[in-house]
Amino acid sequence: MGKSSSLLEDLIEKAGGCAVIDGGFATQLEIHGASINDPLWSALCLIKDPDLIKTVHTEYLEAGADILVTSSYQATIPGFLSKGLSIEEGELLLERSVTLAVEARDKFWDVVKRVPVHGYNRALVAASIGSYGAYLADGSEYSGSYGPDVNLDKLKDFHRRRLQVLVRSCPDLLAFEAIPNKLEAQPKTDEKNGSLTRLFWSECACVELLEEENVQIPSWICFSSVDGDNAPSGERFKECLDVINKSKKVNAVGINCAPPHFIESLICKFKELTEKAIVVYPNSGEIWDGRAKRWLPSQCFDDDKFELYATRWRDSGAKLIGGCCRTTPSTIQAISKVLKEMS
């Protein structure tokens, strides 16, 4: 895939064949006392407490993360405008999300690299781009139900400026996260039998934007799943990956913020559907109620179980492994420890 992909491939190689992504960002902010029950979620701290964001990034680096994901998952221009900020102020906050992660990484690495034997890799910074449903903050990133008025052009318009701002902020990677669906765009008549078939588009609005903007930064696209077999919308992952597989702009594909007990079978499914690197970073297993804004107890993994299953996920073919909501630096430390021992 050329020079742009080599950065990610080199990190995976340096990490012994499987690199470690950080864990739940909002979770750790809340552990530190941040109040983020807000449509901006963790991005609220970009406004209120940017130093805490750097602290959390540093905690994940200390735990062994090879990749930091920025605090921009629910950071959008419309979201910032709803807080009374200007477009310019919103764009500066998006840039800040990358800057904070880069500064935390560079400060940590300046100290670590002086130690003769340390076991760390110089981490990469992945700019997080949440789905349209994340902006809606109504739980629709877990259902894919955007309503009849949302089409491909609307999604591209929604994502475009945020993508442009994040790209000019010079992250190492782009992370499209918790994508819930392929987007049903319009009906089309089948010329052979005259029947009405459906043309579907992925929120591969993302894929089209990467092509249109000629983005040279390596990227991954991660879907969520609520049943362990399909995207939250009910669409098969084969349909979702058909378009992504044709793009040279997407370097890895996988699953995030799905229950961990789904992950092994989903890795095996993805291995059959793509030759791209597979990335997985599940949540703890608890279920998010998007309307009530609270976590519901379910089949949860503790750190010991993450340590056990990380080896299985790696053996099944995952090249990037981490944690999402409700995981912490101790989770990532357990994953990093066992993967580094294997390598």
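These figures come from a predicted structure and were not determined experimentally.

(A) Representation of the overall build of the chain. If you tally the helices and strands in the chain, you get 13 helices and 12 strands. Against the 2.2 N^0.38 benchmark of 20 Å for 343 residues, the chain shows a C-alpha radius of gyration of 19 Å, consistent with a compact globule. Here the contacts in the chain between residues at least 6 apart in sequence split such that 74% fall between residues at least 24 apart. Mean positive and mean negative side-chain charge positions of the chain (39 and 49 charges, respectively) differ by 3 Å.

(B) Fine view of the side chain of Gln 28. Structurally, the position occupied by Gln 28 is in helix α2 (residues 25–31). The class of Gln 28 is buried, set by a relative accessible area of 7%. Here Gln 28 is in contact with Val 56, Glu 59, Tyr 60, Thr 328 and Pro 329, once residues within four sequence places are set aside.

(C) Spatial organisation of helix α12 (residues 303–316). Across its 14 residues, α12 extends 20 Å between first and last C-alpha, which sits within 8% of the 20 Å expected from 1.5 Å per residue. When we look at burial in α12, the residues that qualify are Phe 306, Tyr 309, Ala 310, Thr 311, Trp 313, Arg 314 and Ser 316. One side-chain oxygen at the N-terminal end of α12 lies 3.2 Å from the backbone nitrogen of Asp 304; it belongs to Asp 302. Trailing α12 by a residue or two, Gly 317 shows a phi angle of about 130°, which is positive.

(D) Spatial organisation of the pattern of salt bridges. Tallied over the full model, the rule gives 19 salt bridges. One salt bridge connects Lys 113 with Asp 110, and the closest N-O pair in it is separated by 3.6 Å. Relative accessible area serves as the criterion here: at 49%, Lys 113 is assigned to the partly exposed category. Across the pair Glu 341 and Lys 337 runs a salt bridge, and its minimum N-O distance is 3.1 Å. Placement of both Glu 341 and Lys 337 in helix α13 (residues 329–342) is noted, with a separation of 4 residues, approximately one turn of the helix. Taking the relative accessible area as the measure of exposure, Lys 337 reaches 45% and is therefore partly exposed. When salt bridges that share partners are traced, they join Lys 156, Arg 160, Glu 208, Glu 212 and Glu 213 into one network.

(E) Examining the nonpolar core more closely. Grouped together as the largest cluster of nonpolar side chains are 75 residues, with contacts concentrated most on Leu 174, Ile 221, Phe 223 and Trp 313. With 7 residues, helix α6 (residues 87–112) is the single largest residue contributor to this core. If you look at the next biggest cluster of nonpolar residues, it comprises 23 residues, including Ala 19, Val 69, Ala 252 and Tyr 281.

(F) Just helix α11 (residues 263–273), in detail. Buried residues of α11: Ile 263, Leu 266, Ile 267 and Phe 270, and no others. The buried residues of α11 all sit within an arc of 105° when viewed along its axis, so they share a single face. If you follow the buried residues of α11, they end up packed against α10 (237–244), β8 (252–256), β9 (277–281), α12 and β12 (318–321).

(G) Molecular detail of the side chain of Asn 121. Mapped onto the elements, Asn 121 comes out in the loop between α6 and β3 (124–130). In this structure Asn 121 comes out as buried when scored by relative accessible area, which is 16%. Side-chain polar atoms of Asn 121 contact the side chain of Asp 66, separated by 3.0 Å.

(H) Here's a closer look at the sheet that holds β12. One open sheet holds the 8 strands; their spatial order is β1-β12-β9-β8-β7-β4-β3-β2, and the pairing between them is parallel. Edge strands, defined here as strands with exactly one partner in the open sheet, are β1 (19–20) and β2 (67–69). For β1 and β12, the ladder comprises 2 bridges, and the chain directions are parallel. Across the sheet, Ala 19 pairs through a bridge with Leu 320, a residue of β12.

(I) Up close: unusual backbone geometry. Backbone geometry at Ala 178 places phi at a positive 50°, although glycine is not the residue there. Relative to the helices and strands, Ala 178 is located in strand β4 (residues 173–179). Taking the relative accessible area as the measure of exposure, Ala 178 reaches 1% and is therefore buried. Positive phi values are uncommon outside glycine, yet Cys 257 reaches one of about 55°. Here Cys 257 lies in the loop between β8 and α11.

Calculation criteria
Residues numbered from 1 in each chain as written. Predicted model: local features only at pLDDT ≥ 70, side-chain atom pairs only at ≥ 80, totals over all residues. Heavy atoms only, no water. Helix = DSSP H or I, 4+ residues; strand = E, 2+ residues; numbered from the N terminus. Rg over C-alpha atoms; globule rule 2.2 N^0.38 Å. Contact = heavy atoms within 4.5 Å. Lys, Arg positive; Asp, Glu negative; His and termini not counted. Charge placed at Lys NZ, Arg CZ, Asp CG, Glu CD. Buried < 20%, exposed > 50% of the residue type's maximum accessible area, 1.4 Å probe, protein only. Expected span 1.5 Å × (residues − 1). Polar contact = N/O pair within 3.5 Å; in protein donor to acceptor, adjacent residues only side chain to side chain. Salt bridge = Lys/Arg side-chain N within 4 Å of Asp/Glu carboxyl O. Core = buried A, V, L, I, M, F, W, Y, C linked by side-chain atoms within 4.5 Å. Arc of directions from axis to C-beta. Pairing = 2+ DSSP bridges.

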